[in-house]
Structures are given as structure tokens and as C-alpha cells.
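Each chain, written out:
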Amino acid sequence: MSNAKPAERGRAMLILLALVFVAGLLWFWLGGSERQTERRLASAPQTPPADPRAPAELAPVPPPAAQPTPTEAGTGELEPFASARTTPALFAGKLGSLRGHIEVSGEEPFPRNWRLVLRASKTLPAREHAAPRTLDFSDGRADFEVPDVPLGGYDVCGEAAGFSGQIHPVLLEPGNEHPFVNLRMVPAGLLEGRILDARRNPAEGIPVTLFALADNAASEAWTDANGLFRFERVADGAYELLVGKATAPLLPERRPVRFQAPRLTFPDIELPALGEIHVRVVDSLARPLEGVEVRGSGTNGGLVEGRTDFDGRLVVRHLPAGHFRLRLAHPSFAPEYERRVAVDVVAGQVAEAPVRLGP
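Residues numbered from 1 in each chain as written. Predicted model: local features only at pLDDT ≥ 70, side-chain atom pairs only at ≥ 80, totals over all residues. Heavy atoms only, no water.

1. Points about the layout of surface pockets
Computed from the structure, the largest pocket encloses a volume of approximately 1,100 Å³. As for the largest pocket, its lining consists of 34 residues, of which Ala214, Ala235, Asp236, Gly237 and Tyr239 are closest to the centre. A per-class count over the lining of the largest pocket returns 18 nonpolar, seven polar and nine charged. Reported here for the second largest pocket is a volume of approximately 400 Å³. Taken together, 18 residues make up the lining of the second largest pocket; nearest its centre are Glu204, Gly205, Trp222, Val316 and Arg317. Secondary-structure elements contributing two or more residues to the lining of the second largest pocket are strand S19 (303-307) and strand S20 (313-319). Looking at the lining of the second largest pocket element by element, the count peaks at six residues for S20. Its residues placed into classes, the lining of the second largest pocket shows eleven nonpolar, four polar and three charged. (1 Å grid on protein atoms, 1.4 Å probe; cavity = no way out; pocket = protein on both sides within 12 Å on 5 of 7 lines; lining within 4 Å. Points joined across faces, edges and corners; volume = space filled by probe spheres on them. Nonpolar A, V, L, I, M, F, W, Y, C, P; charged D, E, K, R; others polar. Helix = DSSP H or I, 4+ residues; strand = E, 2+ residues; numbered from the N terminus.)

2. Looking at the packing of aromatic side chains
For any two aromatic rings, the description comes down to two numbers: the centre-to-centre distance and the angle of the planes. Counted according to the given criterion, the structure contains five aromatic pairs. On the basis of an interplanar angle of 20° and a centroid distance of 4.6 Å, the ring pair of Trp114 and Phe137 is categorised as stacked. Residue Trp114 is found in strand S2 (residues 114-120), and its partner Phe137 is found in strand S3 (residues 133-137); the two are separated by 23 residues along the sequence. Assessed through its relative accessible area of 10%, Phe137 is described here as buried. Ring geometry for Phe229 versus Phe231: centroids 6.1 Å apart, planes at 70°, classification edge-to-face. On the accessibility criterion, Phe231 (4% relative accessible area) is buried. (Phe/Tyr/Trp six-rings, centres within 6.5 Å; stacked < 30°, edge-to-face > 60°. Buried < 20%, exposed > 50% of the residue type's maximum accessible area, 1.4 Å probe, protein only.)

3. Describing the sheet that holds strand S5 (residues 152-159)
Here we have four strands laid out as an open sheet, ordered S3-S2-S5-S7, and antiparallel in their pairing. The open sheet has two edge strands with one neighbour each: S3 and strand S7 (168-172). The average undirected angle you get between the axes of adjacent strands in this sheet is 25°. Sheet analysis places S5 next to S7, joined by five bridges and oriented antiparallel. Each bridged residue has a counterpart across the sheet, and for Asp155 the counterpart in S7 is Pro169. (Pairing = 2+ DSSP bridges. Axes fitted to C-alpha atoms, helices over the stretch in contact; angles between N-to-C directions.)

4. Observations regarding the pattern of salt bridges
Scanning the model with the defined rule gives 20 salt bridges in all. The partner of Arg200 in a salt bridge is Glu270, and the shortest N-O contact between them spans 2.9 Å. You can see Arg200 sitting in the loop between strand S9 (189-196) and strand S10 (207-212) and its partner Glu270 sitting in strand S16 (residues 269-270), a full 70 residues away along the chain. With relative accessibility at 40%, the residue Glu270 sits in the partly exposed group. Across the pair Glu305 and Arg295 runs a salt bridge whose closest N-O atoms are separated by 3.1 Å. In this pair, Glu305 is assigned in strand S19 and Arg295 in strand S18 (residues 293-298), connecting sequence segments ten residues apart. Each of the salt bridges in this network shares a partner with another, and the network as a whole consists of Glu293, Arg295, Glu305, Arg307, Arg327 and Glu338. (Salt bridge = Lys/Arg side-chain N within 4 Å of Asp/Glu carboxyl O.)

5. Here we look at the sheet that holds S20
The strand order across the open sheet built from three strands is S20-S17-S23, with neighbouring strands paired in mixed fashion. Looking at strand neighbours, the two that pair on one side only are S20 and strand S23 (350-356), the edges of this open sheet. Neighbour-to-neighbour, the strand axes of the sheet open up by a mean angle of 15°, direction not taken into account. Taken together, the seven bridges between strand S17 (residues 275-282) and S23 define a ladder with parallel strand orientation. Across the sheet, the residue bridging to Ile277 is Ala351, located in S23.

6. Notes on the environment of Tyr337
Inspection of the secondary structure assignment puts Tyr337 in the loop between strand S21 (322-329) and strand S22 (339-345). Placed 21 residues apart in sequence, Tyr337 and Gly358 show a C-alpha to C-alpha distance of 5.7 Å.

7. Looking at unusual backbone geometry
Note that the residue after Ala261, namely Pro262, is joined by a cis bond; omega there is 15°. Phi at Asn216 is positive, roughly 60°, even though this residue is not glycine. Assignment of secondary structure puts Asn216 in the loop between S10 and strand S11 (218-222). Positioned with a positive phi, His318 is a non-glycine residue whose angle comes to about 55°. Examined against the element boundaries, His318 turns out to sit in strand S20. Relative accessible area serves as the criterion here: at 15%, His318 is assigned to the buried category.

The structure is reproduced here in C-alpha cells:
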């Protein structure tokens, strides 16, 4: 009996070891299958999970066919601005009207005489259909109405002496044939500046010309003893400033000016080195001749204008180098006693011009 029990325990141990070995094989085989499945899932493209709130998937819808524009469809509706440029038939031959009110800024009283100006707009569409128009008012009215205005793009403003009119763009178009506008005029301002000679001293007696670019109108001013020039009641706008007269400029270039009321001080203008002419006029007895009118101009610009003083002298400064031709006449002498002389001016020097005049 003692030998049988150990043998039975040995067989039981062998059976237990065999079961453990078989269980290990099964675990290894199942684990390898799961790892292969995970690798295949990781390499496959991922599809996001469906949102349970999303509607059911629909078949793709082809893009819609091009729809005709309102103009092609014949509805007569206007697209903003683009339609105004592409549908001239909607503007041609059609009329509207313009009503409005105008007032002035500041404390200046409203002018009794003023002008309403309608021009083709520089920015609005349909400006090619605009018909410029000007209306004058002389009764001091501030309310206005303009009938029978062709549809189109307009720039509207009021104009009056001593005032600048602010431009108001207005588009008369189908659906807006009778607009109302509020206009404003502001008092004209002061444009001033200073001219200095080559030594930075005030240059007196220099003519200055101001050109308005809108209509090329010109106005003149002269520098005083302090070299200051002044243009009063200047309307807002673009200008050009010329040192000298328009027919005989002292400096060749025109300087741009953008003026806006109430005041503008132009930067100092410095002249280059210039010459002078000293005229001395005597009669046939060598006595000084007062009141002789002297006029002339130079080949490189510059102007001579003035009358001799009690000593028969006239000094003309700030003249560019060049050849000057002068005409001298006395109001009490017959025309045949007029004299014409030529003078050469050199920069930085004085040219003497002695003249004997009279019977």
C-alpha cells in the first residue's frame, strides 16, 4: 500500500502539468489572434462615428443651372450700381426732379444771390446720362426744386460770392426719381504767404498770380514791404500759385495749393539771386522828368512796370537775368516822343538805364 500512494501522486502531478501546458498554449494562440486583428484595424482607413442627431444621408444634388439676371428675365429690377452701368435703357429718356435746402455755416448771413450747380458726377454710376444744369437765384431763397432732370449721377453744390459750396453726390435712378438733398456753403477764406530774396530779406513789389484749376480763373496780389502777399475770399478747391504775372513769370514753376477755409499760410518762397534796373529819365535840357511811364519784360521772365519819381528815377528790383526791352512815354508828350531802350540784366548786379526824353 505504501508504494501505491506515491505512484498515484506522481500521476496526478503529471496530469496537472499537462493541463497547465495546454492552457498556456490556448492563451498564447488567442492573444496572437487579437493582436493581429488590432493591427488590421489600425491600418484600415478610419470612418468617424455617425452623429445620431444628423439627418439621413442624401444623394448628391447636381449644381443648379445658371439663372437669368433680373434684366434678362425682363423684371425691370435694378441691381445696386452695377445695374446702373449695364442697363442704360433704364435711364435713357427718363426724367426726375431734385428738391432740397441750402444753408451757410458760421455767422455770415445767407447770400441773396446764389447759384445752384448740377454737374456730371466724378464718382457715381450713370454719370454719362447726367445733363449739367445751372440755376441762378436772386431772392435769397434757401429751398429749391429743379424739375425735369434726366436720371443719372450728379454732383450738386451751391455757389455764391465769398462762399465755397460743398459738393453733394446724388444718384437719380428708377425708384429714386425725386430725391431731397441738404446743401451747405461755407465762407471763403484767406490765403497768404511770404516771399524772400536770396539773402532771406522780404522781397517787396513781387506780383503773385493764383490760378483756380476748376475754371483757370486768375487773380493777382503784390507783396508789401514785409514780403507778404494775400488773397482774400478764396473758395475751397485746387489752385496753382505762380510768382510773377501770368504773361511774365518771375519763377517758371507753378506751385500746387489745396485750399480749405478759413485760412491757409503758404510756406515761404525764396528767390534766387536776381538783378536790378535803375532807370533815370531827363528831358532835353537834362532836367529830371517825373511821371514817365516805364513798361517792359525780359526774355527769361520778369516784368517792369512803374513811373519815375520827382528825380526822374525808377528802381525795379528782383528781375531774372536776361535781355529786357523797355518802352518809355510821358502823358504830356506826343506819341512820337516815346522811347524804346534795351537793357541786359545780370544776376546780382545793377543795370543802369539813362534815357533822354521829350522835344
